[in-house]
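Residues per chain, in single letters:
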Amino acid sequence: MKTYGYDLHVHSCLSPCGDNDMTPNNLVQMALLSGCDILALTDHNTCRNAPAAMEAGARCGLLVIPGMELCTSEEAHVVCLFETLEGALEFDRYVYEHMPHVPNRPEIFGEQRLLDGEDTLLEQEQNLLLVSSFISVDQVVALTAAYGGVAFPAHVNRDSYSVIASLGALPPEAGFTAAEVTRDCDLQAFQKLHPELSGLSVFRNSDAHYLETLAEEPWKISLPEKSVQAVLQAVQRQ
């Protein structure tokens, strides 16, 4: 087993709340400077900047995992990670078909910038990505698995946009094997309030929307190898 710095929840400039400086190459370079070995790009309700980020990561030796921060019908955020880019983009298309299409207002919500591997602007997504999909919490694990992925609830200790904030607890029928808490969470105290977390793998990620947040030193994970498969197996481990 080897120890790797990881961050499995990061946004790019395709997320409307993500800073325009969060380009694929910028976030890859900042992650490397912070000591990160494994990064997952998880924009709101989309995977479409993953190809560029994976291209940028491959040039620099950073493992970039394609992913998404899905907003469920309960307004709960769930991180979804995929073994292949193809599976991630197929999941992206499914989500896009199962979410309301509301025109984005960049002056209010921010631009939604789709870039290539050289950080060249290809287009701007016109429909707002900060919406709740029609997919419920108890569907996510099985749905992501159908596309070769895994899922875990995001920032469960937050009082908004988390499964616990929305539902009061992690429902066992959802089938989660892991959960995310914020980096500053007192996990022991939080587990006393929510003992259902005790049997799950727990990850601490940055949820970075700005380069300065991504610059913080990452948490570490022990894996048999630096691969997407090893990370996904760690999420599924109980």
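The following refers to the structure shown. Fair warning: this is a prediction, and the values are worked out from it, not measured in the lab.

Attention now goes to unusual backbone geometry. A positive phi angle, near 70 degrees, is found at Asp119, a position not held by glycine. With respect to the helices, strands and loops of the structure, Asp119 is situated in the loop between β5 (113-115) and β6 (121-124). The class for Asp119 is partly exposed, based on a relative accessible area of 23%.

On to the environment of Glu69, then. In this structure, Glu69 sits in strand β3 (residues 63-71). Note: C-alpha distance between Glu69 and Asn26 (43 residues apart in sequence) is 20 Å. Residues contacting Glu69, with those up to four places away along its chain left out, are His9, His11, Thr42, Asp43, His44, Asn45, His77, Val78, Ala154, His155 and Asp207. Separated by 2.9 Å, the side chains of Glu69 and His11 make a polar contact.

Turning our attention to the pairing of strand β7 (residues 149-153). Of all 5 residues making up β7, 5 are buried, and the element is well covered by its neighbours. Burial along β7 is two-sided: the residues Gly149, Ala151 and Pro153 and Val150 and Phe152 are all buried. In terms of strand pairing, strand β4 (residues 77-82) meets β7 through 5 bridges, oriented antiparallel. The partner of Leu81 across the bridge, within β7, is Val150.

Right, let's get into a nonpolar patch on the surface. On the surface, a nonpolar cluster with roughly 250 Å² of combined accessible area is contributed by Ile108, Phe109 and Leu130. Within the element layout of this structure, Leu130 appears in the loop between β6 and α5 (137-146). On the basis of relative accessible area, Leu130 is assigned to the partly exposed category, the value being 36%.

Rules and cut-offs
- Residues numbered from 1 in each chain as written.
- Predicted model: local features only at pLDDT ≥ 70, side-chain atom pairs only at ≥ 80, totals over all residues.
- Heavy atoms only, no water.
- Helix = DSSP H or I, 4+ residues; strand = E, 2+ residues; numbered from the N terminus.
- Buried < 20%, exposed > 50% of the residue type's maximum accessible area, 1.4 Å probe, protein only.
- Contact = heavy atoms within 4.5 Å.
- Polar contact = N/O pair within 3.5 Å; in protein donor to acceptor, adjacent residues only side chain to side chain.
- Pairing = 2+ DSSP bridges.
- Patch = residues over 30% accessible without salt bridge, like charges linked within 9 Å, V, L, I, M, F, W, Y side chains within 5 Å.
- Areas by Shrake-Rupley, 256 points an atom, 1.4 Å probe, with all protein chains shown as cover.
- Salt bridge = Lys/Arg side-chain N within 4 Å of Asp/Glu carboxyl O.

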